[in-house]
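# Topology and contacts: notes
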Amino acid sequence: MLTKRIIPCLDVTLDEEGGTVVKGVEFVDLKKAGDPVELAKKYNEQGADELVFLDITASHEGRDTMIDVIERTANEVFIPLTVGGGISSVERIREILRAGADKVSINTAAIKNPELVREASSIFGSQCIVVAIDCKRNNDVEDNPDKTILTLEDGTKAWYEVVIYGGRKPTGIDAVQWAKKVEELGAGEILLTSMDRDGTRDGFDVPITRKLSEELEIPIIASGGVGSPEHMYKGFVDAKADAGLAASIFHFGEYTVGDVKKYLRSRDIPVRD
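Fair warning: this is a prediction, and the values are worked out from it, not measured in the lab.

### Section: the overall build of the protein chain
- Broken down by element type, the protein chain carries eleven helices and 13 strands.
- Looking at the 273 residues of the protein chain, the share that counts as buried comes to 57%.
- A separation threshold of at least 6 residues defines the contact pool for the protein chain, and within that pool the share at least 24 residues apart is 65%.
- On the protein chain, roughly 11400 Å² of surface is accessible, and the fraction owed to carbon and sulfur atoms is 46%.

### Side note on the pairing of strand β10 (residues 169–174)
- As paired strands, strand β9 (residues 157–164) and β10 are joined by three bridges and run antiparallel to one another. Bridge pairing links Val163 to Pro170 in β10.
- Two successive antiparallel strands, β9 and β10, enclose a turn made up of four residues, where Tyr165 displays a positive phi of approximately 55°.

### Considering the packing of aromatic side chains
- Overall, the coordinates contain one aromatic pair when judged by the stated rule.
- Ring plane angle 55° and centroid distance 6.0 Å describe the contact between Tyr43 and Phe250, whose orientation is recorded as tilted. With Tyr43 in helix α1 (residues 36–46) and Phe250 in helix α10 (residues 248–251), the pair connects residues that are 207 residues apart, well separated along the chain.
- A relative accessible area of 1% means that Phe250 is categorised as buried.
- Positioned above the aromatic ring of Trp159 is the side chain of Lys147, whose terminal nitrogen or guanidinium carbon lies 4.9 Å from the ring centre.
- For the cation-ring pair, Arg267 lies above Tyr233, with the distance from its terminal atom to the ring centre recorded as 3.7 Å.

### With respect to the environment of Gly203
- Note that Gly203 resides in the loop between β11 (189–194) and α8 (206–215).
- Here the alpha-carbon distance between Gly203 and Pro229, two residues 26 residues apart in the chain, equals 9.6 Å.
- Those residues in contact with Gly203, other than ones at most four positions away along the chain, are Arg197, Gly224, Gly225 and His231.

### Some words on the side chain of Lys103
- The residue Lys103 is located in strand β6 (residues 103–106) in this model.
- A polar atom in the side chain of Lys103 sits 3.2 Å from the side chain of Glu50.
- Aside from chain neighbours lying at most four places away, what touches Lys103 is Arg5, Glu50, Leu81, Thr82, Val83, Leu97, Gln127, Cys128, Val130 and Glu189.

### Let's talk about the side chain of Glu50
- Looking at the element boundaries, Glu50 is found in the loop between α1 and β4 (51–55).
- Glu50 gets classed as buried once you look at its relative accessible area, which sits at 6%.
- Of the polar contacts made by the side chain of Glu50, one reaches the side chain of Arg5; its length is 2.8 Å.
- Not counting residues up to four positions away in its chain, the partners in contact with Glu50 are Arg5, Ile6, Ile7, Pro8, Ile79, Pro80, Thr82 and Lys103.

### Quick word on the pattern of salt bridges
- Within this structure, the stated rule accounts for 20 salt bridges.
- Taking the shortest distance from any N to any O, the salt bridge between Glu38 and Lys41 comes out at 4.0 Å. With a gap of three residues between them, Glu38 and Lys41 both fall in helix α1, about one helical turn apart.
- On the accessibility criterion, Lys41 (25% relative accessible area) is partly exposed.

### Concerning the nonpolar core
- Grouped together as the largest cluster of nonpolar side chains are 73 residues, with contacts concentrated most on Ile93, Ile106, Ile133, Ile190, Ile208 and Leu264.
- Among the elements that make up this core, the one with the highest residue count is helix α7 (residues 175–185) (six residues).
- The residues contacting Ile93, other than those within four sequence positions of it, are Ile87, Val104, Leu116, Ala120, Phe124 and Ile129.
- Among the nonpolar cores identified, the runner-up in size contains ten residues, and Leu54, Val130, Ala132 and Ala243 belong to it.

### A look at helix α11 (residues 257–266)
- Taken together, the buried positions of α11 are occupied by Val257, Val260, Lys261 and Leu264. Down the axis, α11 shows its buried residues gathered within 95° of arc, on one side only. Along α11, the residues that are exposed and aim more than 90 degrees away from the buried face are Lys262 and Ser266.
- Looking at the packing, one finds that the buried side of α11 touches β1 (5–13), α1, α9 (229–237) and α10.
- The positive-phi residue at the C-terminal boundary of α11 is Asp268, with phi of around 65°.

Conventions and cut-offs
- Residues numbered from 1 in each chain as written.
- Predicted model: local features only at pLDDT ≥ 70, side-chain atom pairs only at ≥ 80, totals over all residues.
- Heavy atoms only, no water.
- Helix = DSSP H or I, 4+ residues; strand = E, 2+ residues; numbered from the N terminus.
- Buried < 20%, exposed > 50% of the residue type's maximum accessible area, 1.4 Å probe, protein only.
- Contact = heavy atoms within 4.5 Å.
- Areas by Shrake-Rupley, 256 points an atom, 1.4 Å probe, with all protein chains shown as cover.
- Pairing = 2+ DSSP bridges.
- Phe/Tyr/Trp six-rings, centres within 6.5 Å; stacked < 30°, edge-to-face > 60°.
- Lys NZ or Arg CZ within 6 Å of the ring centre and 35° of its normal.
- Polar contact = N/O pair within 3.5 Å; in protein donor to acceptor, adjacent residues only side chain to side chain.
- Salt bridge = Lys/Arg side-chain N within 4 Å of Asp/Glu carboxyl O.
- Core = buried A, V, L, I, M, F, W, Y, C linked by side-chain atoms within 4.5 Å.
- Arc of directions from axis to C-beta.

Interpretation note: all reported values are geometric properties and have no functional meaning in isolation.
Here it is as structure tokens:
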């Protein structure tokens, strides 16, 4: 088994303070969690393998990502930094990378213009381009025979619908089929967030994460639902993810990155020091 990555996630919104990390449940009821630069420094010191910085309201608000906050964050961390939110052009990707990001995550813009994935990966390299897929379970399987129908934990059937604009707009697009397409277009990695699990602390959405992990060659970052180190373990063993992303358990001090890695080592999951 390859070494698994532990990735804290900074969901950031623009406010009067210039940028605040927040955490909600199913993308709503956001609560403030702290300053992005200070949290990034803390996770860097705790031994995080990477950081993800998501400007979660940029696309919805029709504005650019916060360059100054990214620059300040990049100056304080010495691990790979992925930045997403409101990024819709090659020029903007170049700006984000110049500001200090190592990778750029695109979500809504990729749905609206899939060729952006191909163009960006050809210019900057696949390793720089992460496609974020936010999805939600759709139980209407009778009228959607063309979708990828999965069996859920309770035995019911569902397909996973891609949602955009921070979960505000369903697209009718099948998440499994979309993931395969962006892999073909040149994406180097997929950040998969289950809206049904986001902030619930019930663990990762295993059916969709496992499906993508089995069907695709590129790495899958599991996101949404971590409430304990055990959930990280199941994300790697049951869902077969390559990396696990979490927010609440780190932001509010319940666990450190080191605590999670210690637990995973105790259960024979290979993680970096």
